[in-house]
Amino acid sequence: MTTELPYAADAEVSLSYDELEVLRSQYEREVAAGHVTVQTKFNYSWGLVKSPIRDDQVEGVRLLQEIYRSEPTRRRECLYYLALGHYKMGNYEDARKFNALLMDKEPTNMQALSLGTLIDKKVAREGYIGMALAGGAAAVGAILLATVIRRASRK
């Protein structure tokens, strides 16, 4: 199935400040008027998720979760951007969960396949970093233990 939405690698590009402000202004106008359309809320949450600012990403994910719960026709789009938002925030298990839900519905979705690859690479990278840190801590511990034993044997 083809999609009009960008692959995950393209989604790493943030909107400009001015572009996000247009979305924010529209959303805030509708909030002030007492009625926010689903499209405006989605557009704003999409822009927030793409932001490099974590607080924006958190707010974008929150808004997307609201849309996901209340608008069944928008769930497919929400799943992808929920996965992307969690990925960008470093919540890789949640990113995997939402991406897997999308893959269950659309197994050939190129966005989800691309995002799944990005998630797997980040998880592997963090695993390597974790192993390196654990190995470094073990080496420091061994050096300290050897120093304590050496000092104890000199006395």
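Preceding this paragraph is the structure being described.
Structural notes, computed from the coordinates. (Residues numbered from 1 in each chain as written. Predicted model: local features only at pLDDT ≥ 70, side-chain atom pairs only at ≥ 80, totals over all residues. Heavy atoms only, no water.)

Observations concerning the pattern of salt bridges
Here is step 1 of the chain: Scanning the model with the defined rule gives eight salt bridges in all.
Here is step 2 of the chain: A salt bridge links E66 to K41; its shortest N-O distance comes to 2.5 Å. Taken as a pair, E66 in helix α4 (residues 54-70) and K41 in helix α3 (residues 38-50) lie far apart in primary sequence, 25 residues in all.
Here is step 3 of the chain: Note on K41: relative accessible area 18%, which makes it buried.
Here is step 4 of the chain: A salt bridge links R74 to E77; the shortest N-O distance between them is 2.7 Å.
Here is step 5 of the chain: In this structure R74 comes out as buried when scored by relative accessible area, which is 12%. (Salt bridge = Lys/Arg side-chain N within 4 Å of Asp/Glu carboxyl O. Helix = DSSP H or I, 4+ residues; strand = E, 2+ residues; numbered from the N terminus. Buried < 20%, exposed > 50% of the residue type's maximum accessible area, 1.4 Å probe, protein only.)

What to know about the environment of A112
Here is step 1 of the chain: Relative to the assigned elements, A112 resides in helix α7 (residues 110-154).
Here is step 2 of the chain: Looking at A112, the relative accessible area reads 1%, which means it is buried.
Here is step 3 of the chain: Residues A112 and R96, spaced 16 residues apart in sequence, show a C-alpha to C-alpha distance of 9.8 Å.
Here is step 4 of the chain: Apart from the residues lying within four places of it in its own chain, the contact partners of A112 are Y80, N99, L102 and M103. (Contact = heavy atoms within 4.5 Å.)

Focus on the nonpolar core
Across soluble globular proteins, nonpolar side chains show a tendency to be buried alongside one another.
Here is step 1 of the chain: Formed by 21 residues in total, the largest nonpolar core has its most connected members in L64, L84, Y87 and L115.
Here is step 2 of the chain: Breaking this core down by element, the ones donating at least two residues are α3, α4, α5 (75-89), α6 (92-105) and α7.
Here is step 3 of the chain: Grouped together as the second largest cluster of nonpolar side chains are seven residues, L15, L23, Y27 and Y44 included. (Core = buried A, V, L, I, M, F, W, Y, C linked by side-chain atoms within 4.5 Å.)

Regarding the environment of R75
Here is step 1 of the chain: Locating R75 in the fold gives a position in helix α5.
Here is step 2 of the chain: Taking C-alpha positions, R75 is 9.0 Å from L102, a pair spaced 27 residues apart along the chain.
Here is step 3 of the chain: Aside from chain neighbours lying at most four places away, what touches R75 is Y68 and R69.

Points about α4
Here is step 1 of the chain: Over its 17 residues, α4 extends 25 Å from the first C-alpha to the last, a length consistent with the 24 Å expected when each residue adds 1.5 Å.
Here is step 2 of the chain: For α4, the full list of buried residues reads D56, Q57, G60, V61, L63, L64 and I67.
Here is step 3 of the chain: Tucked inside the fold, the buried residues of α4 contact α2 (17-33), α3 and α5. (Expected span 1.5 Å × (residues − 1).)

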